[in-house]
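Examining the three-dimensional arrangement
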Amino acid sequence: MSLSAQIIITICVCLNSFILYKDVKKLFKFYKVRFQRKKEKKEEIEKQKQSLTTSLSKMNIVKPKKIKTAIFSKEEFDNILSEMKSENADIYIFIQSLVDIVPKENLQNIINKIKDTTIEYHSYKEATINDGIISIGTYNPKRKLIKIYYDKGKDVLNHELLHAASRNDKYAMNGFSAIFKQAGMFGEGLTEGYTELLNQRIFQSKGSAYLYLTLLAEEIENFYENKEDMLKHYFQADIFSLINELEKSMTTEEAIEIIADMDLFLNQANVSFLDFLKLRQKIISIYERRYTQSEKTLVKKNEGTNPKLTQFDKTVKKRYN
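These notes cover the structure that comes with them.

Parameters at a glance
- Sequence order as written defines the numbering, with residues in each chain counted from 1.
- Selection of residues for local features in this predicted model requires a pLDDT of at least 70, selection of side-chain atom pairs for listing and counting requires 80 or more, and totals for whole chains, interfaces and linings are taken over all residues.
- To get the side-chain values, take all heavy atoms of the structure and skip hydrogens and water.
- By convention a nonpolar core is built from buried Ala, Val, Leu, Ile, Met, Phe, Trp, Tyr and Cys residues, the set being connected through side-chain atoms within 4.5 Å.
- Partly exposed describes any residue whose relative accessible area lies between the buried limit of under 20% and the exposed limit of over 50%, with all areas from a 1.4 Å probe on protein chains only and scaled to the type maximum.
- Only heavy atoms enter the contact rule, under which two residues are in contact if any of them lie within 4.5 Å.
- Pairs of strands are assigned from DSSP output, requiring at least two bridges between the strands.
- The helix and strand labels rest on DSSP assignments: H or I over at least four residues marks a helix, E over at least two residues marks a strand, and numbering proceeds from the N terminus.
- Side-chain atoms alone can form a polar contact between residues adjacent in sequence; in general such a contact is a pair of N or O atoms within 3.5 Å, and within protein one must be able to donate a hydrogen while the other accepts it.
- Here, a salt bridge means any side-chain nitrogen of Lys or Arg that lies within 4 Å of a carboxyl oxygen of Asp or Glu.
- Here the axes come from fitting lines to C-alpha atoms, over the contacting stretch only for helices, and the angles between their N-to-C directions go from 0 to 180 degrees.
- Roughly parallel covers angles under 35 degrees, roughly antiparallel covers those over 145, roughly perpendicular covers 65 to 115, and oblique covers all other angles.
- Rotating anticlockwise by less than a right angle from the far helix to the near helix defines a left-handed crossing, while the corresponding clockwise rotation defines a right-handed one.
- Gly counts as polar in this scheme, as do all residues outside two lists: the nonpolar Ala, Val, Leu, Ile, Met, Phe, Trp, Tyr, Cys and Pro, and the charged Asp, Glu, Lys and Arg.
- What counts as a ring pair is set by centres within 6.5 Å for rings of Phe, Tyr and Trp (its six-membered ring), and what kind of pair is set by the plane angle: stacked under 30 degrees, edge-to-face over 60, tilted for all other angles.
- To count toward a patch, a residue needs a relative accessible area above 30% and no salt bridge. Like charges then connect within 9 Å, nonpolar side chains (Val, Leu, Ile, Met, Phe, Trp, Tyr) within 5 Å.
- Computed by Shrake-Rupley with a 1.4 Å probe, the accessible areas treat only the displayed protein chains as cover when residues are assessed.
- Expected helix span is computed as 1.5 Å times (number of residues minus one).
- It is the directions from the helix axis to the C-beta atoms that the arc portrays.

1. Some remarks on the nonpolar core
F94 and I95 are the most contacted members of the largest nonpolar core, which has 69 residues in total. Those residues in contact with I95 that sit more than four places away from it in its chain are L81, M84, L107, I110, I111 and I114.

In structure tokens, the structure reads:
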């Protein structure tokens, strides 16, 4: 091999090594920044938990009054739907899908909230990017404006309309999320998860947005004896009633921890699949604990009042002795 060839090979090796070094350095910097953001977000969530626990225990948070709406007559209701059909077909179709699912009282509130909503369609290239996440649908409550950047099957539109329908403008609350003076935004993760869960059930959405949060929201729903109550609380933007429901099965601190931890899943760069499994198992364990305690109470009650235990009682008693 000639000297010139050796020199060229040496230069190529050095260049490749330099390029590899630069790439590794960039990758290291990327993960360092990502790790730091993840750490800061978790610290923020921990502070939020402490603040909310203190506020709720001292009863400093005032539950907003439910918005009262005049009851529509059948004629008024039909006229409103007729107007919607001619003025905004997308909202009309959305309301029609809710008629047999949502209680009439909630449905009237929903109509009042979204009847003046404007929907704009934009190119996918115009979509905004926040923390590396492309947002293909946004809802601006102040302007009552929904922007859609890509929605082949109306999945994104229906998700944003559900946000608009579950808004309480007076208290700046949305679904199960609220802004607290000391703790900041709380419950956004649960809100996104439950919104997408409804989107899948009502509109057969095939989207994969908020996958972890959707599954976690479904676990939270299991604490409701009547799932329609959770639906009602969602459309009333009433996170306080949701916490009251959870307190039947867990402490206030546990309820706040679970909801706050769900906020971490808004950006999947902050969490891993293992984080999802841990939080899901925590929720399931609390759910199982609730019914374990109920069964033990039933056995104790029957032992004290009726010496003749049923087969069910004997089975439960044997299980815990």
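From this point, things continue past the structure.
2. Re the pairing of strand β5 (residues 145-148)
By the bridge criterion, four bridges tie strand β1 (residues 118-121) to β5 in an arrangement that is parallel. Along β5, the bridge assignment pairs Y121 with I148. Here four bridges tie strand β4 (residues 137-140) to β5, and the two strands are oriented antiparallel to one another. Bridge pairing in β5 links T138 to K147. Where β4 folds back onto β5 in an antiparallel hairpin, the turn is made up of four residues, including K144, whose phi is positive at roughly 50°.

3. Looking at the side chain of T195
Mapping T195 onto the fold places it in helix α6 (residues 188-203). In this structure the side chain of T195 is engaged in a polar contact, spanning 2.6 Å, whose partner is the backbone oxygen of T191. A distance of 2.8 Å separates polar atoms of two side chains, one belonging to T195 and the other to Y234.

4. Quick look at the environment of I111
The residue I111 is located in helix α4 (residues 104-114) in this model. In this structure I111 touches F72, F77, I80, M84 and I95, once residues within four positions along its chain are discounted.

5. Focus: the pattern of salt bridges
Scanning the entire structure with this criterion turns up eleven salt bridges. Residues D169 and R167 are paired through a salt bridge, measuring 3.1 Å at the closest nitrogen-oxygen approach. For D169, a relative accessible area of 44% corresponds to the partly exposed category. Two residues, E221 and R201, come together in a salt bridge whose shortest N-O distance is 2.7 Å. Of the two residues, E221 sits in helix α7 (residues 211-221) while R201 sits in helix α6, which places them 20 residues apart along the sequence. Owing to a relative accessible area of 1%, E221 belongs among the buried residues under this scheme.

6. Some points on the packing of α4 against helix α8 (residues 227-235)
As a packed pair, α4 and α8 sit with axes 10 Å apart at the nearest point and diverge in direction by 30°. Put simply, α4 runs roughly parallel to α8. Considering the relative orientation of α4 and α8, their crossing is left-handed. Residues N106, I110 and K113 of α4 form the contact with α8, whose participating residues are L231, K232 and F235. For the contact of α4 with α8, the per-class residue count stands at three nonpolar, one polar and two charged.

7. Examining the packing of aromatic side chains
Any pair of aromatic rings gets described here by the distance separating the centres and the angle formed by the planes. Enumeration according to the criterion identifies eleven aromatic pairs in this entry. Note on F223 and Y287: the rings are 5.5 Å apart at their centroids and 80° apart in plane angle, and the pair reads as edge-to-face. Of this pair, F223 sits in the loop between α7 and α8 while Y287 is found in helix α11 (residues 273-305), placing the two residues 64 residues apart along the sequence. An aromatic cluster of at least three residues, connected via ring pairs, comprises F176, Y194, Y234 and F235.

8. Quick word on the sheet that holds β4
If you walk across this open sheet you meet the three strands as β1-β5-β4, and the pairing is mixed. Since the sheet does not close on itself, it has two edges, and those belong to β1 and β4, each with one partner. Ignoring strand direction, the axes of neighbouring strands in this sheet form an average angle of 15°.

9. Re a nonpolar patch on the surface
Taken together, the side chains of Y124, I129, I134 and Y150 make up a nonpolar region of the molecular surface, amounting to roughly 430 Å² of accessible area. On the secondary structure map, I134 appears in strand β3 (residues 133-135).

10. Notes on unusual backbone geometry
Positive phi values are uncommon outside glycine, yet A172 reaches one of about 50°. Position of A172 among the secondary structure elements: in the loop between β6 (167-168) and β7 (173-174). Look at A237: it is not a glycine, yet its phi comes out positive at around 50°. With respect to the element layout, A237 can be found in the loop between α8 and α9 (239-246).

11. Concerning the packing of α4 against helix α5 (residues 155-165)
A pair of packed helices can be characterised by two numbers: the angle between their axes and the separation between those axes. It is at 8 Å that the axes of α4 and α5 come closest, and there the two elements cross at 105°. Here α4 is positioned roughly perpendicular relative to α5, judged by the angle of their axes. Of the residues in α5, those in contact with I110, K113 and I114 of α4 are L161, A164 and A165. Considering only residue class, the contact of α4 with α5 consists of five nonpolar, no polar and one charged.

12. Thoughts on helix α2 (residues 74-87)
Residue pairs three or four apart in sequence face the same way in an α-helix, which turns once every 3.6 residues. Its 14 residues place the ends of α2 20 Å apart at the C-alpha level, agreeing with the 20 Å of an ideal helix rising 1.5 Å per residue. Burial in α2 covers these residues: F77, I80, L81 and M84. Seen along its axis, α2 keeps its buried residues to an arc of 95°; they face one direction. Across from the buried face of α2, at angles greater than 90 degrees, the exposed residues are E75 and S86. Considering only its buried residues, α2 is in contact with α3 (89-98) and α4.

By themselves, these figures tell us nothing about what the structure is for.
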